[in-house]
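# Fold and geometry: a report
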Amino acid sequence: MGVPIVGRDHELGQLRAGLVAAADGAGRLVLVSGEPGIGKTRLVAAAREMAGQYGLPVAAGDAIDDPGMPPLWPWHGVGRSVPALARVLDGAPNAPAGPVGDAADSESVRFIRFAAAGQALAEAAAGQGLLVVLEDLQWADRTSLLLLRHLAGEIARSRVLVVATFRETTGPPLAELVPALLGAGEARPIRLTGLSRPDIAGWLRQLNTGGDVDGLADRLAASTGGNPLFVRMLLERGPAALDQGLRGFPELQRLVLARVRGLDDPARDLLDVASVLGEHIDTTVLGEVSGLSAAEAGAILDRAAALGVLATAPDEAGLSFAHALVRDAIYGELAPSRRTALHERAARALEQSGPGAARAGLIATHWQRSGQPGWAAPCLRWARAAARSATASLAYDEAARFTALALRAADADPEPQTGLRAELTVELAQAEFVAGRVEASLEHCQAAARLAEAARRPDLLAAAALVITGMGDPVTTMTVEALCAAAMEAVPAEDTALRARLRARQAMAASETGAGNRARELSAEALALAERSGDPDALLDGLHARHLSLCAPQFLAERRELAARAGQVARRARQPLAELWSHVWLVDAAFQAGDLGAVDDELGRIEQFATARRHGLAWWHLYRLRASRAALVGDLAAAVELNEAAREVATQIGAVSTTGLYYAFLNQLALLRGTVDHEAGQGGLAMMRLAPNIPLVRVFVPLLHALMGDHDLARATFEEFRHMPETVEVGPRWAALVGQIGVVAVLLDDTGTADRVYRVLSGLAPCYMGDGSGAVFCAGSMERNVGDLALATGRTDEAVRRYTVAIEMNTRIGARPFLALSRLGLATALVARGDPGDRPTARNLVTEAAAEFRRLDLPGPLADAGALVARIDAAARAADPLSPRESEVAALIAQALSNRQIAERLVLSERTVETHVRSILAKLGYSTRTEIATWSLRR
């Protein structure tokens, strides 16, 4: 008794529209959700049939309910129909040869694989289109879901329609990623609910059940909630089952088992074996585990299929259970002793059935579930093989899962080997770190270190210390530093390469925690050790640590040398992103030097690197740096667009930490525009609560409050920063933090804090904004910011000098927004100085600045410029009591012209001129024309 398509007209229409759109070159992602038995698979079958009508080929894969499922299993199913995709999944184009130990590298390498997979599908669909079916994603591994998320961002530009199904109630990782999938531009959700009473009545009429169809439909709807699977099973069981009703899954399980009990003992035994192996039936393995011949097993399977227990898998040879719930019911009825024995037989059969890499996880899981004597050793061996295979597939979450299984097996050994457990714990920490689970990774690093010390393995102690890098939070950084210090005590002095890497990591930790002086000492030692070792990877670590310790405006020349050297060493090292770091560092240095030609040259090299290597992290750097360059020269629309492109790449990579810079860029744009609306400001504050709890992040809280106009709250949240400028050591983020404190102090008229910041920054040589720690936003010449501080603290002449230099520097590089701000600053300083002779110059400056603010749509500075013009004009009126005509007469008196000559010059009557002269004498309090002439000349 088949399940007809009834009550799904709207859903079928959505699928048909998706097929038509894909055939026309506009791909879509359709996400079909619902409870078990609701008809997801039947709807997918209808989509397959429609695809055939439109001439679209179909490629399908599904996840299975088995923790031993290999990574990317659903996509490997798709790859059976798309050979190019299979080659991508089986290979590792442009991946590093050795283990991936850096999260940024790993994310980027995975991005390369995902991009290649997307390209393979797009090319396969380029002709007729392609329907990709992915079923049961509630069981999918995280890497499979990340690949789907990546594809969702690009699918609109292809002829691919992806239809994916999953159960409504699900846990991680799917629950975590569903919002991102639904948020893709071309995603269409279909939520299947139960059939209505009229739908069920229509189904019954198709089946010619006879009798009171409407009454029976009422009862079925009430008993089943319209679930098609439940309806079908109740109809098959007859009136007795209908009278009993369906009360959830326990009742369904009894219905399933009642059907199975219609088979003889050999058939039930074979189905027991099949339930242990999984939802889909591999007849070869099934025969090996059961001991039956192919003919015997085939006959039994045919009988089970005739009863509806098994069904033919769509587009595949062989059979599968008619529904996952059928398999679950049979497996749940197995006696514990029989279940564990079958798992052991399954493990041994799979070991003998062919290449082990693809099935390593399944074998390891069967050994674990067997619990038989001696299970631990083979489980450990196969779990490690599965973890290596997962790492090669860039499936880092699955690598962590299988490594954890290997560690549990090692712990179960009656005579556990401490060294092996330390090695496995390091491997688990590495897998967790690249999978983004930093807290768990840190705990396992500490556990591995304790085991390594107990096993007297300094190499593993060092390996544990070197797992985590690039994390800025103090707790993690201090823990890593302590691990490195312990490893330095244990590693032999002659192992200079390893000691250099440990010392470099200590230097980076010191830089991240604000210990700038110690960081420079340690980095110098690390670089010297690395040079003695001759190891290129150790040398790169030393260069990286040294560059990080010198991330401040004072060290521009040395940072440029380090960046150039890193580019040379990168050709000999195994680190895949070393060349990229060299170019990124050189861009930062070029921004600080104001050399936009060099910026463009290096950006071109980054683009070549990103294109040739298809490195996601390289594209992210390229977009964010181009956004900074566009904002610097006033192309703010392009800057916003490029910042969005960087965020999109960061999302596809899965590097959540990179999205923080997206919001930092938006905050800087808000500061430039001088205003932020309430909703955007609240959103920015919410994002900062998720960011690392470091001063450079926290200082944006009072900044946003000030921009939103809440100065009282801004002052309250700014209190912790008021005395910070004099205590922060020079190092990474020093210039950015101190500079931002100064910005907020000026906004809040906090003269004391502005004075402290001025004293810290005023000694720096003139340069452009940037310190080498990553150019989030270059705001032109730093002299403008120092000028703001000088003006706020009453150093008016110094402010005039600083603004004058800033105007020259920003003019030189075409930094339009910051040139206009520098002109506004100089005009403000000239007005504050109070020299009447400065007033015309100030008015010209502010008029030019206002015109630029208007062109660039900078409402905050434009309002400031308007207010300053009003002040200048008011001061001019106060300083000159004469009317415009009287001023003209006074000027001509200063030229020694008579009243008659003045009248002729101005085309007035002589009497009118005399009246003006009397008025001038009265207003100025003078009694002679000579006094008028002297006053006019002096003015």
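Here the structure is shown first, and the text comes after it.
Described below are features of the structure shown in this document. This one's a predicted model, so the numbers in the text were calculated from it and none came from an experiment.

What follows covers the overall build of the chain. Along the chain, the regular secondary structure elements total 48 helices and 7 strands. A compact globule built from 939 residues should have a C-alpha radius of gyration of about 30 Å, whereas the chain, at 37 Å, is more than 25% larger. Seen through its principal axes, the chain has C-alpha atoms that stretch 135 × 80 × 50 Å. By residue count, 53% of the 939 residues in the chain fall in the buried class. Considering only contacts in the chain between residues 6 or more positions apart, those separated by 24 or more positions represent 68%.

Counting buried positions over the 5 residues of strand β2 (residues 58–62) gives 4, a clear majority of the element. Bridge count between β2 and strand β3 (residues 130–135): 5 bridges; the pairing is parallel. In the strand pairing of β3, V58 is matched with L131.

Turning our attention to the pattern of salt bridges. Tallied over the full model, the rule gives 50 salt bridges. D272 is paired through a salt bridge with R338; the nearest N and O atoms lie 3.2 Å apart. Of the two residues, D272 sits in helix α13 (residues 265–277) while R338 sits in helix α17 (residues 336–352), which places them 66 residues apart along the sequence. Residue classification places R338 among the partly exposed positions, given a relative accessible area of 27%. One salt bridge connects R501 with D541, and the closest N-O pair in it is separated by 2.6 Å. With R501 in helix α25 (residues 496–512) and D541 in helix α27 (residues 536–549), this residue pair connects regions lying 40 residues apart in the sequence. Overlapping salt bridges bring together R142, E176, D397 and R437 as one network.

Right, let's get into the side chain of E398. Inspection of the secondary structure assignment puts E398 in helix α20 (residues 396–412). The side chain of E398 is buried and forms no salt bridge, while R401, the nearest opposite charge, is found at 4.8 Å. Apart from the residues lying within four places of it in its own chain, the contact partners of E398 are P71, D141, R142, T143 and A390.

A few words on the sheet that holds strand β5 (residues 187–191). Taken in spatial order, the 5 strands make up an open sheet running β2-β3-β4-β1-β5, and their pairing is parallel. Two strands in the sheet have a free side with no partner beyond their single neighbour: β2 and β5. Across the sheet, the mean angle from the axis of one strand to that of its neighbour is 15 degrees, orientation sign disregarded. As paired strands, strand β1 (residues 28–34) and β5 are joined by 5 bridges and run parallel to one another. Counted as the bridge partner of S33 is R191 from β5. Those strands touched by helix α1 (residues 9–23) are β1, β3, β4 (160–167) and β5, and its axis lies near 150 degrees from that of β4.

Three or more residues of helix α4 (residues 83–90) are buried, namely L85, A86, V88 and L89. Mapping the buried residues of α4 onto a view down its axis gives an arc of 160 degrees, with all of them on the same face. Opposite the packed face of α4, turned more than 90 degrees from it, sit the exposed residues P83, R87 and D90.

With that out of the way, let us pick up unusual backbone geometry. Glycine aside, a negative phi is what most residues show, and trans is what most peptide bonds show. Even without a glycine there, the phi angle at L72 is positive, about 65 degrees. You can see L72 is positioned in the loop between β2 and α3 (73–79). Unlike most non-glycine residues, L394 shows phi in positive territory, near 65 degrees. Mapping L394 onto the fold places it in the loop between α19 (376–392) and α20. What makes L394 buried here is its relative accessible area of 3%.

A few words on the pairing of β1. By the criterion of burial, β1 is predominantly enclosed, with 7 of the 7 residues buried. Across the two faces of β1 the burial is the same, with R28, V30, V32 and G34 and L29, L31 and S33 all buried.

Time to look at the environment of A509. Residue placement: A509 occurs in helix α25. In sequence terms A509 and H615 are 106 residues apart; their C-alpha atoms lie 27 Å from each other. Residue contacts for A509: discarding those within four places in its chain leaves T477 and E481.

Attention now goes to the packing of aromatic side chains. Counting across every chain of the model gives 5 aromatic pairs. For the pair F718 and F721, a centre-to-centre distance of 6.2 Å together with 25 degrees between the ring planes defines the contact as stacked. Residues F718 and F721 agree in their burial class; the two are buried. The cationic tip of R327 hangs over the ring face of Y331; the distance from NZ or CZ to the ring centre is 5.3 Å.

Bringing the environment of G225 into the picture now. Considering the arrangement of structural elements, one finds G225 in the loop between α9 (213–224) and α10 (228–237). Linking G225 and L529, residues 304 residues apart in sequence, is a C-alpha distance of 72 Å.

An ideal rise of 1.5 Å per residue puts 21 Å on 15 residues; helix α47 (residues 910–924) measures up with 21 Å between its terminal C-alpha atoms. If you check which residues of α47 are buried, you get V913, H916, V917, I920, L921 and L924. Axial view of α47: buried residues confined to an arc of 135 degrees, hence all on one face. For α47, the exposed residues set more than 90 degrees away from the buried face come down to R911, R918 and A922.

Turning to the environment of W581, a few remarks are in order. Tracing the backbone through its elements, the reader meets W581 in helix α29 (residues 578–593). Residue W581 is classed as buried on the basis of its relative accessible area, which comes to 19%. Each residue touching W581, except ones within four places of it in the same chain, is listed here: H544, L617 and H621.

In this section: the state of the cysteines. Going through the model one piece at a time under the given rule, you end up with 0 disulfides. Counting only cysteine sulfurs, C445 is the nearest neighbor of C484, a cysteine outside any disulfide, at a range of 9.8 Å. Judged by relative accessible area, which is 0%, C484 ranks as buried. C767 takes part in no disulfide bond, and the closest cysteine sulfur to it belongs to C778, at a distance of 9.3 Å. Overall, C767 belongs to the buried group, its relative accessible area being 10%.

Orientation of helix α43 (residues 839–856) relative to helix α44 (residues 859–879), taken along the N-to-C sense of each, is 155 degrees, at an axis distance of 9 Å. Viewed along their axes, α43 and α44 adopt a mutual orientation that is roughly antiparallel. For the pair α43 and α44, the sense of crossing is left-handed. Packed against α43, whose contacting residues are R839, A842, R843, V846, A850, F853 and R854, the element α44 presents P861, L862, A865, L868, V869, I872, D873, A875, A876 and A879 at the interface.

On to the side chain of S523. With respect to the helices, strands and loops of the structure, S523 is situated in helix α26 (residues 516–533). Separated by 3.0 Å, the side chains of S523 and S549 make a polar contact.

Okay, the packing of helix α38 (residues 734–747) against helix α39 (residues 751–761) next. Geometry of a packed helix pair, given as the angle between the helix axes and the separation of the axes. Running from N to C, α38 and α39 point in directions that differ by 145 degrees, and their axes come no closer than 8 Å. The interaxial crossing formed by α38 with α39 has left-handed handedness. Here W734, V738, G739, I741, G742 and A745 of α38 come into contact with α39, specifically with T753, A754, V757, V760 and L761.

Basis of the calculations
Residues numbered from 1 in each chain as written. Predicted model: local features only at pLDDT ≥ 70, side-chain atom pairs only at ≥ 80, totals over all residues. Heavy atoms only, no water. Helix = DSSP H or I, 4+ residues; strand = E, 2+ residues; numbered from the N terminus. Rg over C-alpha atoms; globule rule 2.2 N^0.38 Å. Buried < 20%, exposed > 50% of the residue type's maximum accessible area, 1.4 Å probe, protein only. Contact = heavy atoms within 4.5 Å. Pairing = 2+ DSSP bridges. Salt bridge = Lys/Arg side-chain N within 4 Å of Asp/Glu carboxyl O. Lys, Arg positive; Asp, Glu negative; His and termini not counted. Axes fitted to C-alpha atoms, helices over the stretch in contact; angles between N-to-C directions. Arc of directions from axis to C-beta. Phe/Tyr/Trp six-rings, centres within 6.5 Å; stacked < 30°, edge-to-face > 60°. Lys NZ or Arg CZ within 6 Å of the ring centre and 35° of its normal. Expected span 1.5 Å × (residues − 1). Disulfide = S-S within 2.5 Å. Parallel < 35°, antiparallel > 145°, perpendicular 65-115°, else oblique. Left-handed = near helix turned anticlockwise from the far one by under 90°. Polar contact = N/O pair within 3.5 Å; in protein donor to acceptor, adjacent residues only side chain to side chain.

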